[in-house]
Structures are given as C-alpha cells and as structure tokens.
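# Coordinate analysis (summary)
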Amino acid sequence: MTVYSFISTILSYVFTVIIYVFIIFVIRLIYLDVKKMSRFEDNSIADEACASLRPVKSKTEPRSPLKRRYNIYGEAVVGRNPECDIVINESFISQKHLIIWYEGGEWYLEDLGSRNGTTINGKRILSEVILDPEDVISIGGLNFVFET
Amino acid sequence: MGIDRLKSASYRKPAYLLILLNVLGFGLLFINKENNYNLNILYTGAAVLALFLVMYTALVLGRMGDKFIMLMVFMLISIGVLLLCRINLSYAFRQIIWILVGGAVFFIAYFVYYNVKVWSRLWYLYFIGGTLLFLITLVFGTTVYGSRNWISIGPISFQPSEITKILFIMCLACYTSGSWSKPLLGKIKPKWTALLITYVFVGFLVLQRDWGTILVMFSIYLFMIYVYEPDKRLLALNICALVIIGLLGWRFMYHIQVRIANWIDPWSDISNRGYQIAQSLFAISSGGYFGRGLGNGSPYYIPLVHSDFIFAAICEEMGVFGGVAVILLFFLIAFRCFKISIMASDPFDKAVSFGVTVMFALQTFIIIGGVIKMIPLTGITLPFVSYGGTSIVISFASMGIIQAISAKAERKGEPDERK
C-alpha cells in the first residue's frame, strides 16, 4: 500500500462526511426558508380572519416605497421595528405603532401608545375600536384602507 | 444589521464546506504520482472555485432569487470535475472551459429571461426553431454510438437535441399556461396542436435514433398534461401510444432489443454486449460504503465512463454514500425548483419551471437507473456531472431561467423591481 492510496482511503471518509454535512446545512437553510414562507401563508387560519391594508394616496410621500397590499392573518402589529408583522419604515411611525386583531367575528384596532397617534376616518382614536371594512387608517401621515 | 449578518453567515457555511472539498480533492489528485504532479489539476480546481465564488456572490448580493440551487449545482460540478480529472485530464480541462462558458450563459439566460416579457406568445417560433435544429442535424449530423445527433462545426461539436428540449418545454408552457388559446387555422385546438408538435419532434428523434431524448421529451409531455389537462382521457391515450411505440420499437429495432436483453441479463454476453453494464456493476460493488478513495479505483474498465457512466465511477471511488449523496443533491434541486414553480405568479413561468424540473429529474432518473441496471440503459448525460459541452451549457441556461423565475417571485410587490 503506497502512501498515496493510504491518504486517499482516509480522505474518502472525510469526503463523505463533508458532503453529508454540506447536505445537512443546505436542508437546514431550506427548512428555515420554507418556515418563513409558511408564516406568511398560514392555512390554519380561517378565511374570515384574513384581512389586508391597502395604501392609498396620502399627503406625505412615503420615504421608502410601500407594497401594494399588506396581508393580516389573525393579528398583526404595525410599526417601524423589523420584528413587527407589517414593517413600515417611516420616521413618523413608532417602533410598535398599533395592533389589529380578529376576535369573535369582529376586527379590532388598538394604538400601542404611539407618539403621533392613529386616526380612523379622520378621528383620533384613544382606546380600542372595532374596524369596519373600507375604514381609512392614518398613521404618520400615511393612509391605508382596511379591507376584509 | 444583526439579522443580516446572521443570515449571511449561515449562507457562508455550506460554501466553506464546498471550498474545503475542492481544496482537499484537487490537492489529493495533485500528489498522485500517476499524474506526474501536473499543475493543470490545481488550475482546474482553482477555476471551479473561482467561478463558484463569483456566481454565488453575485447571486447573494444581487438578490437574484434562490441561493441554494447554485450551491448544490456547484457541489455536483465539483464532484464531476474531480472524477473527470482523475479519469482523464484532457477531458477535465475541456469540461472546465465548458463550465466557464456555462457560467456566462447562465447570466445571459437570467437577464434575457428576466427582462423579455413576450415569451408566452412565441410558441410557433419555438416550434420552428426546434424543427430547424432537427433538419440541420438530419442533413449535417454525424453519427456517434448509433445516434445521428451531433453537429460538428470546426473543432466544436454539439447536440442540437439538448437545445430542442428547452424549446419544447417553452412551447408546451405556452399551451398549458393558456396564453396560446387561438385555434390553429381556425379549427385545430391548441390541445391537439401541442400533441401534434410532440409527435413531430418524437418522429424526428426516431429518425435520429436518439432514444434517451425521446424518453425525456415524451415524459415531459406526459407530466405536463397530467398536471394541466383536466381531461384524463388524453393522458391515457398518450400512455397507450407510448406503450405501442415502445412495443413496436422492441419488435423491429435491433438497437432496442440489445438494450432490453442487456438489461435483463448482462452476464450471458459479458465479453461483448453486456460488457459495459457488467463493468459498471463491478465498479459499484467494489466501491463499498465509503469507496476505494479518489485515484485508487480502476474506472478505465468501463467504456464511456467520463460521460454516461460517471455515476459508476463516483460509486467506485466515493462509495455508495457518495452516490446516494449525488442522488440526494438532485432530489433537493428538484424540490427547490418545484417550490419556485409553486411560488411563481405568472402561469407561463410556472409551467416553464415545472417543465425544466421534470427534465432534470427525468434525466437523472433515466441515466442513474440505467447505470445501476434498474431500467434499460439509454445514453443521456447526468446533468452538471457528466462530461459534455452542450449538456453543461444547456443545464446552466435552464438554471438561469429558473433563477430568473425565482427572482421575479422574490422581488414581487417591491416597487424597486427592475423594469
């Protein structure tokens, strides 16, 4: 047995280990990716507990472009913080600005103590309120239509 | 910022492993005395690594869609080039040139597919293009191993049927996505036109005696109508037609009879017709679980070991575990491509990525199944692993298309989407 074939035999085990660890890493990444995907498309939530916020024309121009529609599954926190379900990165929006949730057939909205407040159809809200479809929610100068 | 860093770190880990495998593998081949310490081995390895780093960085930083497919593809390419280097250095050298061309074609295919929006309306162009390629092959083609499917222009020779496969998939995607709804000549429904196109292409391939490609193309058609056609009678009809064509071929074609006979019993004519498959089985069995080690095996006994039978060489030198890893990588690639197909919003994109995925999966199944004597052997290449210029370039081009589709899905809803 030459030195080369000895090294080669040893390395054949090393190669197998490397390839399988590589595959495990990739599977883990794919798993994380699929989990992220299923967080946004949750089939366990009934259809009536799904709603959306649609940006409409507002006086202030958004600093960063908005999506055409923000979906809400069951409940959603809106704010500037990346941990929010709906992240809107505007200077007049607080870190955690408001929460929208579904309970017993009604949609509720509550301001989470934001600095600049929340108005619905032009009225500043002080406590939790029931949302109706087509209500216009204004936060930090941006308007959104609530759609179910 | 913290989240970003974490994410990019986890993307780097598999890349490091890939680099480690390449360094160890090519280093090992370099110190092999049989190769006379040829520096070309190191250059080949460096070229693979450089292309990987460039493409992967471009993909991650440029946000060009899915990141995992490219990782797995380069794992397959590394394994393939390592084995080729070990089998025949000049093949490996030519292969690396084709891989570099493929890398360029990948980006071209990506940008062209991403930016052109009229793909779904050009079904007649795909048909005409495919037919022209077939006619050129029939007139100017050269016969290699019983199939008239090669064209040589100067030093370069290529297989037009590989390009036709992509054209065929795009043609079928026009039909299944519903963007081609006008009847031909005012009478023939697209359903029947698509059927006709399939049979015309298969007819040309019969004239070329390229059985492997017939199997791939016809199966792509069957999968497409299985998924898209609500009328299952069409599928049943086509399966019947396939069985009849198969039986007729078996009855009248000597070529096919030999293949079937070798599949059932390669041992009775081991010195002649069963030689290739028998040697392949010997090689696989001598590898054991972990293989004999790179450079320790004797793959030269298998004819065509560099292209169709490279899987046998992988099994011999990297073991059954190495072979299973290759199959697993193909599984994962197919899984990712199916996910991209599911996430795509445009029906044409969906159909194209589905077709390309089915093509990869079928090719892998047919050739690996043939090498391990599970199904009758038909000569096609193992995508990304086998030696073969056209195969590599076309595989890269179809990967570029898939990447473009996944990038579209990823950037959807972002207004800064490139126009």
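Data block above holds the structure.
Numbers given for residues are sequential positions, taken from 1 along each chain in its written order. Lettering of chains starts at A and numbering of ligands starts at 1, both following the order in which they are written. The model is predicted, so local features are restricted to residues of pLDDT at least 70 and side-chain atom pairs to those at 80 or more, both for listing and for counting; the totals for chains, interfaces and linings are taken over all residues. Derived side-chain values reflect all non-hydrogen atoms in the structure, with water molecules and hydrogen atoms excluded from consideration.

## Description of the packing of aromatic side chains
Residue and element names in this part refer to chain B. Two aromatic rings from Phe, Tyr or Trp, using only the six-membered ring of Trp, form a pair when their centres are within 6.5 Å; if the ring planes differ by under 30 degrees the pair is stacked, by over 60 it is edge-to-face, and anything between is tilted. Throughout the structure, instances matching the rule amount to 27 aromatic pairs over all chains. Centre to centre, the rings of phenylalanine 52 and phenylalanine 74 are 5.3 Å apart; their planes meet at 55 degrees, and the pair counts as tilted. Of this pair, phenylalanine 52 sits in helix 2 (residues 39-61) while phenylalanine 74 sits in helix 3 (residues 68-87), placing them 22 residues apart in sequence. Here the two residues phenylalanine 52 and phenylalanine 74 agree in accessibility, since each one is buried. Here the aromatic rings of phenylalanine 127 and phenylalanine 201 are separated by 5.8 Å at their centres, their planes lie at 15 degrees, and the arrangement is stacked. Of this pair, phenylalanine 127 sits in helix 5 (residues 123-140) while phenylalanine 201 sits in helix 7 (residues 190-208), placing them 74 residues apart in sequence. The structure contains a cluster of three or more aromatic residues connected by ring pairs, namely Phe52, Tyr56, Phe74, Phe360, Phe384 and Phe396. Here, a charge over a ring is recorded when the distance from Lys NZ or Arg CZ to the ring centre is within 6 Å and its angle to the ring normal is within 35 degrees. In this structure, lysine 117 is placed above the aromatic ring of tyrosine 114, and the distance from its NZ or CZ to the ring centre is 6.0 Å. The ring of phenylalanine 252 carries the charged tip of arginine 251 above its face, separated from the ring centre by 5.6 Å. Secondary structure counts use DSSP, requiring at least four H or I residues in a row for a helix and at least two E residues in a row for a strand, with both numbered from the N terminus. Note on classification: 1.4 Å probe, protein chains only; a residue is buried when its accessible area is under 20% of the maximum for its type, exposed when over 50%, partly exposed between these limits.

## Things to note about the sheet that holds strand 5 (residues 98-103) of chain A
Residue and element names in this part refer to chain A. Sheet architecture is open: five strands sit in the order 4-3-5-6-9, paired in mixed fashion. Edge positions in the sheet fall to strand 4 (86-87) and strand 9 (129-131), since each of these pairs with one other strand and no more. Pairing analysis gives three bridges linking strand 6 (residues 106-111) to strand 9, with the strands arranged antiparallel. Among the inter-strand pairings, tryptophan 107 is bridged to a residue of strand 9, identified as leucine 131. Pairing between two strands requires that DSSP report at least two bridges joining them.

## Looking at helix 7 of chain B
In this analysis, the expected span of each helix is defined as 1.5 Å times one less than the number of residues it contains. In this model helix 7 of chain B runs 27 Å from its N-terminal to its C-terminal C-alpha over 19 residues, within 8% of the 27 Å that 1.5 Å per residue would give. Restricting attention to buried positions, one finds in helix 7 of chain B the residues Pro190(B), Lys191(B), Thr193(B), Ala194(B), Leu195(B), Ile197(B), Thr198(B), Phe201(B), Val202(B), Phe204(B), Leu205(B) and Gln208(B).

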